[in-house]
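Fold and geometry: a report
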Amino acid sequence: MSATPPATGTPPIARAIALAAGAAVIVGVVLLAFAWPAVTSEPRDVPVGIVGPAASVAQTTGMLEAQSGDALLLTEEDTRDAAVAAIERREIYGAIILGDSPTDAPEVLVATAANAQVAAMLQGIATGMQQQIDAQLRTATEAAIAQRLADPAAANAPISFTIPQAEVPVTDVVPFSDSDARGVKLSVAAFPLVLGGMAGAVLISFGVSRASHRLAALVAYGVVGGLLLGAILQGMFGALQGNYWTNAAAIGFALVAITAPIVGLRSLIGAPGIGIGAVLMMLVANPISAATMPVEFLLSPWGAIGQWFPPGAGATLLKELSYFPDASTAFAWAVLAGWTAVGVLLTAIAVVRERRTPDSVDAPELVPVG
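Figured I'd write up the structure that's included with this text. (Residues numbered from 1 in each chain as written. Predicted model: local features only at pLDDT ≥ 70, side-chain atom pairs only at ≥ 80, totals over all residues. Heavy atoms only, no water.)

**Side note on the packing of aromatic side chains**
In total, this model carries 6 aromatic pairs according to the counting rule given. Seen in terms of ring centroids, F176 and Y323 are 5.5 Å apart; in terms of plane orientation they differ by 90°. Their pairing is edge-to-face. Taken together, the residues span a long stretch of sequence, with F176 in the loop between β5 (170-172) and α5 (184-188) and Y323 in helix α11 (residues 310-323) at a distance of 147 residues. Pairing Y244 with W245 gives two aromatic rings, centres 5.0 Å apart and planes at 70°, and the pair type is edge-to-face. With relative accessibility at 23%, the residue Y244 sits in the partly exposed group. Across from the ring centre of F324, 5.1 Å away, lies the NZ or CZ of R90, which sits over that ring. The ring of F206 is capped by R266, whose NZ or CZ atom sits 4.9 Å from the centre of that ring. (Phe/Tyr/Trp six-rings, centres within 6.5 Å; stacked < 30°, edge-to-face > 60°. Helix = DSSP H or I, 4+ residues; strand = E, 2+ residues; numbered from the N terminus. Buried < 20%, exposed > 50% of the residue type's maximum accessible area, 1.4 Å probe, protein only. Lys NZ or Arg CZ within 6 Å of the ring centre and 35° of its normal.)

Printed below as a string of structure tokens:
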């Protein structure tokens, strides 16, 4: 009677526990990637213009720095028109326009379409200025009344005073459109682009066997995806403004810029390439894309780094095309072109390798019968 050989390998219960622990770690990493930017989000050096006499600018700058710390980065502009132009070019998020004399009420310029959070912060500054002006006017009026009462010659004369009024207006230079009054539709459009890019990469990678054919599939995916998503986001939802064809081109380009590197990695190193590309785009690039918050709200330098990836560049490009036609979009287009080129280059290398070893083309594995 032969003895039963001892079991080798990891026991099933140990494998089950290891898989569960690994799944928990993955969930933790995903949670950290998506929650970390929001948890650590706070304004840091948000560029805001300021216009007015040098003495008033210095006084207001010192007051705001004492109140908000490093939240604002005040930059002097020559005139109100210059400040408006800088807002429209997305160089600043808003501006504080001080009067030529201390009795002139200031004006606060905001751009809700640039970011509603910053606009709300500037509106809070306007409210604080209004309260300060009201307090100063009340103090001046009470002093004038006290001085009048102290005058013996006017002791029996009727007293009539009108408390002066000074309003701090808040002007929204670049508001959201009526079809997307709070900008919610535009904000939620960024995440589907990332998912769409990854889904397209998976379908093209596994549905198209030859690397050379994947290049053609990338072009078709960008064209059809851009036209379709542009029609949905602009025609149906009203999330995008401006020229439909330009927006469709930006969407298609963003899709391809996300899809192409993943397809290229899959073509070059096989299935692990999809995992590497997905982690890069979903867990690294997407959380720091600043699609729902200003770049300045993210910990430095992650906000700036996020603009070098397709999700960040794509979200910025769509916002600027819709609401800031005077802003320069060259950097965003260049980032999308660069990632597309990387993906095409990786796929092209795989094409060359296929031609040198034609038998290595992906094909269904033949399983012998019997």
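**Remarks on a nonpolar patch on the surface**
A cluster of nonpolar residues, I26, V30, F34, F191 and L195, forms a patch on the protein surface that exposes about 410 Å² of accessible area. Listing elements by their share of the nonpolar patch, those giving two or more residues are α1 (12-39) and α6 (190-207). Considering each element in turn, the nonpolar patch owes the most residues, 3 residues, to α1. Examined against the element boundaries, L195 turns out to sit in helix α6. (Patch = residues over 30% accessible without salt bridge, like charges linked within 9 Å, V, L, I, M, F, W, Y side chains within 5 Å. Areas by Shrake-Rupley, 256 points an atom, 1.4 Å probe, with all protein chains shown as cover. Salt bridge = Lys/Arg side-chain N within 4 Å of Asp/Glu carboxyl O.)

**Points about helix α9 (residues 272-285)**
Taking 1.5 Å per residue as the helical rise, α9 with its 14 residues ought to reach 20 Å, and the 18 Å between its terminal C-alpha atoms agrees with that figure. Here α9 has its buried residues at G273, I274, G277, A278, M281, M282 and A285. Next to the buried residues of α9 lie α1, α6, α8 (244-269), α11 and α12 (330-356). (Expected span 1.5 Å × (residues − 1). Contact = heavy atoms within 4.5 Å.)

**A word on the environment of F176**
In this structure F176 comes out as buried when scored by relative accessible area, which is 12%. Taking the C-alpha atoms as reference, F176 lies 9.8 Å from L186; in sequence the two are 10 residues apart. Among all residues touching F176, those that are not within four sequence positions of it are T112, A113, A181, R182, G183 and Y323.

**Structural notes on the side chain of S177**
Structurally, S177 is set in the loop between β5 and α5. Overall, the relative accessible area of 14% leaves S177 in the buried class. Among the polar contacts listed, one links the side chain of S177 to the side chain of S179, at a separation of 3.0 Å. Other than its neighbours up to four places away in sequence, S177 contacts G238, Q241 and Y323. (Polar contact = N/O pair within 3.5 Å; in protein donor to acceptor, adjacent residues only side chain to side chain.)

**A closer look at the pairing of strand β3 (residues 94-97)**
Side chains of β3 alternate between two faces, with G94 and I96 and A95 and I97 buried alike. In the sheet, strand β1 (residues 46-51) pairs with β3 via 3 bridges, with the strands oriented parallel. Looking at β3, one finds that I50 is bridged to I96. Of the strand pairs in this sheet, β3 and strand β4 (residues 107-110) are connected by 4 bridges, and their pairing is antiparallel. Opposite I96, over in β4, you have V108 as the bridge partner. (Pairing = 2+ DSSP bridges.)

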